Amino acid sequence: MKQFALFSLFSLSIFNLWAQKETPAPDVAKEYRATAEKINDLVHTKLEVKFDYAKSYMYGKAWITLKPHFYSTDSLRLDAKGMDIKEIAVVKSGKNIPLKYKYDSLQLNIRLDKKYKGGEEYTVYIDYTSKPNEYKAKGSAAITDAKGLYFINPLGEDKEKPTQIWTQGETEANSVWFPTIDKPNQKTTEEIYMTVPAKYVTLSNGKLMSQKTNNDGTRTDYWKMDLPHAPYLFFMGVGDYAIIKDNYKGKEVAYYVEKPYAAVAPKIFGNTPEMIAFYSRITGIDFPWVKYDQIVGRDYVSGAMENTTATLHQESSQQDARELTDGNHWEDVIAHELFHQWFGDLVTTESWSNITLNESFADYSETLWNEYKYGKDAGDAVNYSGMQGYLQSGDFNKDLVRFYYNDKEDVFDAVSYNKGGRILNMLRNYVGDSAFFKSLNLYLTTNKFKSAEAQNLRLAFEEVTGKDLTWFWNQWYYSNGQPKLDIAYNYDNATKQVQVVVKQTQTTSGIFKLPVAIDIYNGKNRTRHHVWVQDSTDTFTFSSETKPTLVNFDGDKVLLVQKTENKTLDDYLNQYKYAGNYVDRREALEAASKKEEESRAVEILTMGLKDKFYRIRNYAISKLDLQKQGVKAAAEPILVQLAQKDENRTVKAAAIAKLGDYEEAKYEPLFKSALNDSSYTVSGDALEALGKVDSVAAFTEAKHLSTAKVKGKLAEAISKSFIKSGDESAADMILGNFEQMPLNQAKADLMQPLFEFIAKVKSVETFKRGVNDITGFVQNIPEAYRGQFSTFVETTLKSIQKSKQATGQKEQADYIESILSKNTKGF
């Protein structure tokens, strides 16, 4: 599961409220969350299903083969949520023998026909109806709903949206659409016969074995999964898709996309075969499944889901050719979900307490892929972003392996994902690449087609490395928080010694034990010292005939820490020049941005503008304070060069946007020429920049650009230009752009200007549509992050209501009142 909502949306608005703040200890339930007891083991699941689009029902028949795990038993408990149960029987010699059962709408308690011995197989038949829309389930920040089976636009009433069916099993929602033991420590092979309208295609786990055309306009597709996997990984997808075929060593690799995206699907998903080859190589286990397909679902309740052999992505993955000129923003998600086919699908967490065994590896795979494909800077940048996602979350009181929680959905957070990924990065750095990947191979080989807990991972690493790693697991897996370090550097001319003093100042965790590399530079020459930080205060002393050019703590920049250092801008300049890692350079830019009135800061910032890596160039641009004349003068010619010639579209766009802040008419030709750039971002930033030097010209260009279908930054910029003009005739375009935008930060940023627009409109229908658009957007934000937006919307609506009342626009004021009265507890 890729927690797209948690880590990618609303980062500016929400995470900054919590940045660098330690949250108080949560009110955690006292119940120990044990791994589910195995009384019966799933062996094989066969399903026959048909869909009722009018009712959003699924009619199912299930043949479930099981065996007692060890002890003899004459009973069976299955998860079956919100179903109508028509028949339950045990299958004997091809005949169904009815069984007695009790059902409480969540679980079936079945009395078997006899007591079965440990390992003795039996098959239970169940005839049932799944009614997902009538089942009320609580979702989470990562997975916003939990009804398992989703009918999207089933009656075709929305002409702008396709009719689809897809399923979402994690955590335990697949038991809404088929009876099973819905626990991650169960594994079963699978067959599904799906009967659907013949015009649609289907996707499920495993291999498509056959297709049968029926006389009633339907078709029955038979999917078979020969290898066992967990019930939450079962998947069905149905819809009008284009299927783009690829392959890996003769195995099918296919991309199911909406037909308008067929031509660009290879640009979105086309790196998948190379990713499979890379992951197969580093794990030492060739892709273990029969095929790997990816499908896009409308209105999906999360980012993406690693269903075995059939990953589901949200619609934001579909990008047109102009969007892709900025780079494929979904590539990391594709990498994340694919690595789950090893970590999560081949070897599965035995309990939700150990979910980091699935998610930390998938999270870290994004670093590994970027490092391999695009270089060390790219990998380091992804790793750094993940670290900041955790540090800004403030979730410092939660253990990585969490045996106490209020709800299983709670474990899908920045601790299980981001922190877990950074812990793996530290472990890799400590044991070395060869041992790290050999340990992963041993873990996967030992536990394949089974479930595991974090101790299984420790044992694999210990067997390979010969090291006792209990200290590492106890500190990082079974405890919480991270070090806060105060680091001071001194040089004594008399003794010719460098002194590094490290203090651990964290208050919510104990003292950490940290293997650290300290690098001492004399010019470009580096001497590395390996030390252990393990006390509240550690002092390290090294000989050096002259004062070092730079002393760099954590030379590889791998530690998951919060730190302060007594470095000067001269130190940071040398860190940028000589240490040279992505994080070294970024730290130098951050330090320079706080003292931009100083010449050394300007020197560092201009180096950043010329950096080899586009993310550093972007970061340097974002840190420029044009109120400082020295910065403004030094940066201007470089920004012009970047705006005209940078090969990376995001850098080009950022440079244009920053040049707009100069508000110089001489750049108008540059801005106008960039309006027709293939990148929506470049074109959008150029339009906004043009508006700062000639608003009339910008509005004229906006009207011209609005005649074509646009997305992203350009759609946002056009909307802002029309909003600023106050032209109510443009309402349909403005609101249409807002409605088509995905659930992201850009849409959140547009709320304020959109409020300003609808506050001025006279048309009641336009006003109502605008209010509905904004309130609907907020209601689609994951509940964990909705509060701040809800408060903003409520406050703004009340202000507009008062204004409408004062100007006699009673119908509009009354409409706001009706909206507020329906949402007394917030949107």
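All of these numbers come straight from a predicted model, not from anything done at the bench. (Residues numbered from 1 in each chain as written. Predicted model: local features only at pLDDT ≥ 70, side-chain atom pairs only at ≥ 80, totals over all residues. Heavy atoms only, no water.)

A. Summary view of the sheet that holds strand β7 (residues 107-116). In space, the three strands of this open sheet follow the order β3-β7-β6, with antiparallel pairing throughout. Here the strands that pair on one side only, and so sit at the sheet edges, are β3 (73-79) and β6 (100-103). Taken over all neighbouring pairs, the strand axes of this sheet differ in orientation by 25 degrees on average, direction set aside. Bridge analysis of β3 against β7 gives six bridges, and the strand direction is antiparallel. Across the sheet, Thr73 pairs through a bridge with Tyr116, a residue of β7. (Pairing = 2+ DSSP bridges. Helix = DSSP H or I, 4+ residues; strand = E, 2+ residues; numbered from the N terminus. Axes fitted to C-alpha atoms, helices over the stretch in contact; angles between N-to-C directions.)

B. Broad picture of the packing of helix α13 (residues 569-579) against helix α15 (residues 599-609). Where α13 meets α15, the closest approach of the two axes is 9 Å, and the angle between their N-to-C directions is 20 degrees. The angle between the axes of α13 and α15 places the two elements in the roughly parallel class. Here the hand of the crossing between α13 and α15 comes out left-handed. For the pair α13 and α15, the contacting residues are Leu569, Asp570, Tyr572, Leu573, Tyr576 and Lys577 in the first and Arg600, Ala601, Glu603, Ile604, Met607 and Gly608 in the second. Taken together, the residues of the contact of α13 with α15 break down into seven nonpolar, one polar and four charged. (Parallel < 35°, antiparallel > 145°, perpendicular 65-115°, else oblique. Left-handed = near helix turned anticlockwise from the far one by under 90°. Contact = heavy atoms within 4.5 Å. Nonpolar A, V, L, I, M, F, W, Y, C, P; charged D, E, K, R; others polar.)

C. Inspection of the side chain of Glu323 at higher detail. Following the sequence through the fold, Glu323 ends up in helix α5 (residues 321-324). Within the structure, the side chain of Glu323 is placed 2.8 Å from the backbone nitrogen of Asp320, a separation counted as a polar contact. When near neighbours in sequence (up to four residues on either side) are disregarded, Glu323 contacts Gln318, Tyr680 and Lys711. (Polar contact = N/O pair within 3.5 Å; in protein donor to acceptor, adjacent residues only side chain to side chain.)

D. Structural context of the packing of aromatic side chains. Applying the stated criterion across every chain yields a total of 51 aromatic pairs. Ring centres 6.2 Å apart and planes at 75 degrees place the aromatic pair Phe51 and Phe151 in the edge-to-face group. Pair noted here: Phe51 is in strand β1 (residues 40-52) and Phe151 is in strand β9 (residues 149-152), with a separation of 100 residues, a long-range link. According to the relative accessible area criterion, Phe151 is buried, its value standing at 9%. Through pairs of rings, three or more aromatic residues link up here, namely Phe278, Tyr279, Phe287, Tyr292, Phe339, Trp342, Phe343, Phe361, Trp369, Tyr372 and Tyr443. (Phe/Tyr/Trp six-rings, centres within 6.5 Å; stacked < 30°, edge-to-face > 60°. Buried < 20%, exposed > 50% of the residue type's maximum accessible area, 1.4 Å probe, protein only.)

E. Seen up close, the environment of Gly119. Structurally, the position occupied by Gly119 is in the loop between β7 and β8 (122-130). Since its relative accessible area comes to 43%, Gly119 is described here as partly exposed. For Gly119 and Leu42, which are 77 residues apart along the polypeptide, the C-alpha to C-alpha distance reads 11 Å. Excluding residues within four positions of it along the chain, Gly119 makes contact with Lys67 and Pro68.

F. Representation of the nonpolar core in the model. Residues Ile604, Leu609, Leu639, Ile656, Leu659 and Ile718 are the most contacted members of the largest nonpolar core, which totals 91 residues. Looking at this core, the element that brings in the most residues is helix α17 (residues 629-645), giving seven residues. If we ignore the near neighbours within four places in the chain, the residues touching Ile604 are Leu569, Tyr572, Leu573, Tyr576, Ala588, Leu589 and Ala592. Tyr248, Leu400, Phe437 and Phe461 belong to the second largest nonpolar core, which has 89 residues in total. (Core = buried A, V, L, I, M, F, W, Y, C linked by side-chain atoms within 4.5 Å.)

G. A look at the packing of helix α7 (residues 356-374) against helix α8 (residues 376-393). Where α7 contacts α8, the axes come no closer than 6 Å and their chain directions differ by 160 degrees. One way to sum up the angle between α7 and α8 is to call them roughly antiparallel. The two elements α7 and α8 cross, and the hand of that crossing is right-handed. Contacts from Tyr364, Glu366, Thr367, Asn370, Glu371 and Tyr374 of α7 reach α8 at Lys376, Ala378, Gly379, Val382 and Asn383. Residue classes in the contact of α7 with α8 are distributed as four nonpolar, four polar and three charged.

It is worth stressing that arrangement in space is one thing and function is another; only the former is reported here.
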